[in-house]
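Structural description and commentary
Okay, here's what each chain looks like letter by letter:
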Amino acid sequence: MNVKLSSLNPGDKAVVVRINGKGAIARRIADMGLIPGTEIKVVRKAPLGDPIEFEVRGYYLSLRKNEADIVLVKVKEYDSL
Amino acid sequence: MIRVALAGNPNVGKSVIFNNLTGSRQHVGNWPGKTVEKKEGYAKCFGEEMYVIDLPGTYSLSAYSIEELIARDYIVKEKPDVVVVVVDASNIERNLYLVVQVLELGVKTIIALNKMDLAKSTGVEINVKKLENLLGVPIVETVAPKKIGMDELCRKIIEMKESEEIQMRIRYSDILEGAIHDLIEILEEVKEFRDYAYRWLAIKILEGDNAIMQEVEEKIKTVSLKERIYEIKKRFEEKVEDTEMYVINERYRVIQEIVSKTVHVSKKVTLSDMLDQAFLDRYIGIPIFLAILWILFQFTFIVSTPFVDMIGDFFAVISNNMANVTGISHLDYLLFGEYGVLNGIGMILSFVPLIMALYFALSLFEDFGYISRAAFLMDKLMRKLGLTGRTIIPMILGFGCNVAGIYGTRIIPEEDDRIIAIVTNPLMMCSARLVAFAIIAAAFWGSMAGTILLSLYVIGIVLAVSISLVLKKFVFKGKASPFIMELPPYQVPSIKVAASQAWARGSLFFRKAGTVILFGLLVLGVLATTDVTTLSFTDDVQNSIVAVIGKMLHPIFAPLGWDWRLVIAVIFGFVAKEIVIGATAMLYGVTEDEFASFIAQHYDPVVMYAYMVFVLVYVPCIASIAAIKNETGSWKWTLFTILYEVSLAYLLGILVLFIGGFI
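Overview of the structure. Predicted model only: the values in this text are computed from it and were never measured.

1. Section: the nonpolar core
Ranked by internal contacts, the top residues of the largest apolar core, which has 130 residues, are Ile 393, Phe 509 and Phe 572 of chain B. Every residue in contact with Ile 393 of chain B, bar those within four places of it in the chain, is listed here: Leu 293, Leu 296, Leu 362, Ile 371, Ala 374 and Ile 411 of chain B. Counting 102 residues, the second-largest nonpolar core is a separate cluster that includes Val 56 of chain A together with Leu 61, Tyr 198 and Tyr 252 of chain B.

Set out below in structure tokens:
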């Protein structure tokens with residue numbers, strides 16, 4: 001089942017399915033390597049709950065919740081905790 | 001002379017390599033009309049002179065950010081002989097994304113594979129020879145802070161300059177390559193594009209890049225050629241869903257193919273990961289941030305204060321001793337008087353240690369990797385206020401000195417946010433205003449003085465936030481400033497980069513802001529010492545042109561309950577806020593020590609509170625105006641700031657009196 005990247009919790013792993021939308025933000029997210037098929041892991045949320053830190057292609061990327069909203073992912077595994 | 005451009009992602013060690021190459025022969029400024037930093041310098045290796053330009057750090061070369069446009073326009077239009085792309089070996093996939101885009105530009109390219117030591121220690125192994133072959137680009141392994149690989153890099157640059165054009169080895173999918181091929185055939189017929197790399201141009205047309213499509217529209221005069229271009233573009237669009245995304249996917253597909261053959265990663269938990277567990281922790285992350293902010297603030301002001309004082313004293317002594325050197329009173333005053341050239345230079349110089357200390361500290365924290373963490377921690381809170389996470393740092397610095405705060409906005413990556421942060425920074429009540437207000441508050445409110453001062457801080461912050469929200473909503477409307485940001489691995493910061501940054505920024509301030517400050521001072525100096533009737537020299541301010549201006553303006557300020565002396569004090573306050581008290585005391589003919597009790601007898605507390613609010617909000621000082629001009633690169637924004645501040649100050653003054661009338 002495909003869900004928004006922003007709906008995942010720290011520790012969850014997923015694969016990018018699609019970026020919804022066009023324009024600067026969608027383009028930039030793709031530029032950073034979030035293209036279909038890319039594995040992505042949620043590392044942590046900021047103390048105030050937003051932005052969210054992800055691990056992708058061997059580096060750490062932060063996205064705001066509303067930016068992570070436009071990334072559609074397929075969950076690979078939920079964090080066991 | 002070989003012209004070399006350094007490109008690369010942010011945080012890859014590009015500035016250390018730039019520093020290694022150019023040493024002290026570098027110049028820092030802004031790109032014309034932009035607030036983006038431009039660094040250029042000269043190097044000499046193996047007898048060859050090189051001009052080196054450090055392009056803004058970018059992840060991509062699209063037309064979506066100013067930095068990216070600057071970087072790609074430079075490569076396309078200035079045509080450097082060699083582009084060196086600095087690549088972080090520990091994070092190679094995303095870095096190669098920029099490399100393949102530079103290769104699309106068809107320029108002679110070298111990769112400086114930096115941070116090789118970090119890559120090895122984090123479990124990244126790279127088959128460099130194979131990578132070189134697959135990309136068709138020479139690679140030099142470097143460890144910039146240890147200067148490893150620098151000679152080799154120079155040698156490769158010289159070789160590359162001499163070599164024939166290299167073969168483009170990267171091939172995208174057949175669909176994309178087919179469309180590129182068809183487009184190139186047409187583009188070769190367009191003489192307006194003779195200077196461009198056709199392959200790059202073709203890709204940009206297929207992507208639908210705004211800047212390039214506009215050029216196509218304007219430059220191609222032959223209608224049939226234009227139609228053929230649009231026809232190919234349309235056919236490509238029919239084949240792939242989203243052209244832009246398709247091209248991005250293709251780039252990453254090619255990169256993944258290359259990386260899978262050349263890079264082996266066995267990921268280990270690093271020290272950097274452990275640091276983030278503390279720095280970004282849900283509970284202690286923000287307290288640590290506040291502590292670090294405190295250190296940054298203390299460092300900037302404590303380190304610079306002795307130097308600032310020393311410079312101030314030195315110039316005061318000299319100008320006192322030289323007060324009557326020429327014997328011509330006007331000339332003596334303009335050279336050595338209170339608002340004369342010598343004191344002006346002293347004043348400008350006294351800001352230099354502050355700016356140097358600030359940039360030194362900021363550069364260390366940025367290099368260390370902490371500034372992006374600060375942004376991560378504070379983003380949500382600051383965004384509610386119409387600001388971005390990083391804006392908190394210049395805001396806090398502004399409480400020490402607005403000049404420091406304004407220069408501190410350089411850590412904000414988005415130009416719109418940076419401009420908002422610059423024009424609102426003067427509303428942060430700086431230490432100079434605190435000193436002046438403390439005297440007045442103590443005289444009027446005694447033990448309540450602290451609360452009164454606190455209320456002024458709050459007024460400043462509330463205004464800054466409101467104006468930010470208004471600017472964001474109405475001036476920069478619809479422009480999203482994204483937070484798609486890397487949290488780079490922590491690294492030992494480079495003292496050398498910090499020192500050269502401090503030096504470059506300090507001297508830039510002296511040259512650029514210095515002229516504005518000196519000009520402002522001299523104008524005031526002449527007006528304050530010229531007798532209004534005889535136009536000869538006078539040392540009695542009351543008869544000077546300034547006094548006349550003050551009296552002329554007095555009706556405007558009479559509703560605020562001031563007499564003309566307070567108007568004049570406000571005019572002098574343009575120079576610096578600490579002068580306001582001294583100038584007022586002088587105009588009333590009392591000493592500064594008597595001033596407090598004198599003013600308490602002569603003014604109503606509400607009027608005085610309104611006066612403080614006015615002084616808080618209207619232009620902080622000439623140095624901050626110069627800093628705003630310097631950092632926005634625009635008189636428009638500078639004048640805007642002055643105008644909104646003065647009018648806001650006036651309205652608030654009236655408002656305070658109105659509300660005070662009910663209390």
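2. Things to note about the pattern of salt bridges
Should their charged atoms come close, side chains of opposite charge can pair. Within the structure shown, the criterion is met by 39 salt bridges over all chains. Close ionic contact of Arg 383 of chain B with Asp 50 of chain A constitutes a salt bridge, the shortest N to O distance being 2.8 Å. Note that Arg 383 of chain B is positioned in helix α16 (residues 370-384) and Asp 50 of chain A in the loop between β3 (39-45) and β4 (52-56), a pairing that runs across two chains. A cluster of three or more residues bridged by salt bridges with shared partners is formed by Arg 27 and Asp 31 of chain A together with Glu 104, Lys 204, Glu 207, Glu 244 and Arg 251 of chain B.

3. Description of the interface of chain A and chain B
In this complex, chain A contributes 35 residues to the contact, which on the side of chain B involves 45 residues. When chain A packs against chain B, close to 3500 Å² is buried across both sides, 58% of that on carbon and sulfur atoms. Of all residues in chain A, the largest losses of buried area upon contact with chain B belong to Arg 27, Arg 28 and Arg 64 of chain A, amounting jointly to 21% of the total for that side. Counting the contacts that link chain A with chain B gives six salt bridges. Its salt-bridge partner being Arg 28 of chain A, residue Glu 68 of chain B comes within 2.8 Å of it at the nearest N-O pair. Every element with two or more residues in the side of chain A that touches chain B is listed here: α1 (23-31), β3, β4, β5 (59-63) and α2 (65-68) of chain A. When residues of the side of chain A that touches chain B are assigned to their parent elements, the largest contribution, nine residues, is made by α1 of chain A.

4. Points about a nonpolar patch on the surface
Judged by side-chain polarity, Leu 655, Phe 658, Ile 659, Phe 662 and Ile 663 of chain B come together as a nonpolar surface patch covering roughly 630 Å² of accessible area. Within the fold, Leu 655 of chain B resides in helix α29 (residues 635-660).

5. Notes on the side chain of Asp 332 of chain B
All names here are of chain B. Relative to the elements of secondary structure, Asp 332 occurs in helix α14 (residues 329-336). It is Lys 551 that comes nearest to the buried, bridge-free Asp 332 among opposite-charge side chains, at 26 Å. Discounting chain neighbours no more than four positions away, the residues touching Asp 332 are Met 322, Ala 323, Asn 324, Val 325, Thr 326, Gly 327 and Gly 337.

6. Brief notes about the pairing of β5 of chain A
Where burial is concerned, most of β5 of chain A is hidden: five out of the five residues are buried. Residues of β5 of chain A alternate between two faces, with Tyr 59, Leu 61 and Leu 63 of chain A on one and Tyr 60 and Ser 62 of chain A on the opposite face, all of them buried. Here five bridges tie β4 of chain A to β5 of chain A, and the two strands are oriented antiparallel to one another. If you follow Glu 55 of chain A over to β5 of chain A, its bridge partner there is Tyr 60 of chain A. In textbook terms, the turn of a hairpin is the stretch between consecutive antiparallel strands, and for β4 of chain A and β5 of chain A this stretch comprises two residues, one of which, Arg 57 of chain A, has a positive phi near 50 degrees. The pairing of β5 of chain A with strand β10 (residues 485-486) of chain B spans two bridges and is classified as antiparallel.

7. Topic: helix α23 (residues 545-557) of chain B
Residue and element names in this part refer to chain B. The end-to-end C-alpha distance of α23 is 18 Å, a good match for the 18 Å that 13 residues give at a rise of 1.5 Å each. At Lys 551, α23 is deflected by roughly 25 degrees, the largest bend along its length, and proline Pro 555 occurs up to four residues later in sequence. What α23 keeps buried is the set Val 546, Ala 547, Gly 550 and Phe 557. Summarising the contacts, the buried residues of α23 are in contact with α22 (495-529), α24 (564-572), α27 (605-617) and α29.

8. Observations regarding the packing of aromatic side chains
Residue and element names in this part refer to chain B. In total, this model carries 30 aromatic pairs over all chains according to the counting rule given. Judged by centre distance (6.2 Å) and plane angle (85 degrees), the ring pair of Trp 445 and Tyr 609 falls under edge-to-face. Here Trp 445 is found in helix α20 (residues 431-445), whereas its partner Tyr 609 is found in helix α27, with 164 residues between them in sequence. Tyr 609 gets classed as buried once you look at its relative accessible area, which sits at 15%. A connected cluster of aromatic rings, assembled from ring pairs, spans Phe 557, Trp 562, Phe 574, Tyr 611, Phe 614, Tyr 618 and Tyr 650. Just above the ring of Trp 564 sits the side chain of Lys 551; from NZ or CZ to the centre is 4.4 Å.

9. Brief notes about empty space enclosed by the protein
Residue and element names in this part refer to chain B. Following the criterion strictly, the structure yields five cavities of 30 Å³ or more and no others. Taken as a whole, the largest cavity holds about 50 Å³ of empty space. Around the largest cavity, the lining residues are Phe 289, Ile 292, Leu 293, Leu 296, Phe 365, Tyr 370, Ile 371 and Ile 393. Put simply, the parts of the chain that give the lining of the largest cavity at least two residues each are α13 (285-321) and α16.

10. A look at the sheet that holds strand β1 (residues 2-4) of chain A
Strand order in the open sheet formed by seven strands is β1(A)-β6(A)-β2(A)-β3(A)-β4(A)-β5(A)-β10(B), with antiparallel pairing between adjacent strands. Only two strands of the sheet have a single neighbouring strand rather than two, namely β1 of chain A together with β10 of chain B. As paired elements, strand β2 (residues 13-19) of chain A and strand β6 (residues 71-77) of chain A share six bridges and run antiparallel to each other. Pairing of Ala 14 of chain A across the sheet is with Val 75 of chain A, part of β6 of chain A.

11. As for the state of the cysteines
Residues and elements named next belong to chain B. Scanning the model with the defined rule gives one disulfide over all chains in all. Cys 45 shares a disulfide with Cys 154; S-S distance 2.4 Å. Sign of the S-S torsion, about -45 degrees for the bond between Cys 45 and Cys 154, identifies this disulfide as left-handed. Here Cys 154 lies in helix α6 (residues 150-162) and Cys 45 lies in strand β3 (residues 37-45), a separation of 109 residues in the sequence. Relative accessible area serves as the criterion here: at 8%, Cys 45 is assigned to the buried category. Cys 430 supplies the cysteine sulfur nearest to Cys 401, a cysteine that is in no disulfide, at a spacing of 6.4 Å. With relative accessibility at 8%, the residue Cys 430 sits in the buried group.

How each quantity is defined
Residues numbered from 1 in each chain as written. Chains lettered and ligands numbered in written order. Predicted model: local features only at pLDDT ≥ 70, side-chain atom pairs only at ≥ 80, totals over all residues. Heavy atoms only, no water. Core = buried A, V, L, I, M, F, W, Y, C linked by side-chain atoms within 4.5 Å. Buried < 20%, exposed > 50% of the residue type's maximum accessible area, 1.4 Å probe, protein only. Contact = heavy atoms within 4.5 Å. Salt bridge = Lys/Arg side-chain N within 4 Å of Asp/Glu carboxyl O. Helix = DSSP H or I, 4+ residues; strand = E, 2+ residues; numbered from the N terminus. Buried area = accessible area lost by both parts, 1.4 Å probe. Patch = residues over 30% accessible without salt bridge, like charges linked within 9 Å, V, L, I, M, F, W, Y side chains within 5 Å. Areas by Shrake-Rupley, 256 points an atom, 1.4 Å probe, with all protein chains shown as cover. Lys, Arg positive; Asp, Glu negative; His and termini not counted. Pairing = 2+ DSSP bridges. Expected span 1.5 Å × (residues − 1). Bend = angle between axes of the 7 residues up to and from the residue. Phe/Tyr/Trp six-rings, centres within 6.5 Å; stacked < 30°, edge-to-face > 60°. Lys NZ or Arg CZ within 6 Å of the ring centre and 35° of its normal. 1 Å grid on protein atoms, 1.4 Å probe; cavity = no way out; pocket = protein on both sides within 12 Å on 5 of 7 lines; lining within 4 Å. Points joined across faces, edges and corners; volume = space filled by probe spheres on them. Disulfide = S-S within 2.5 Å.

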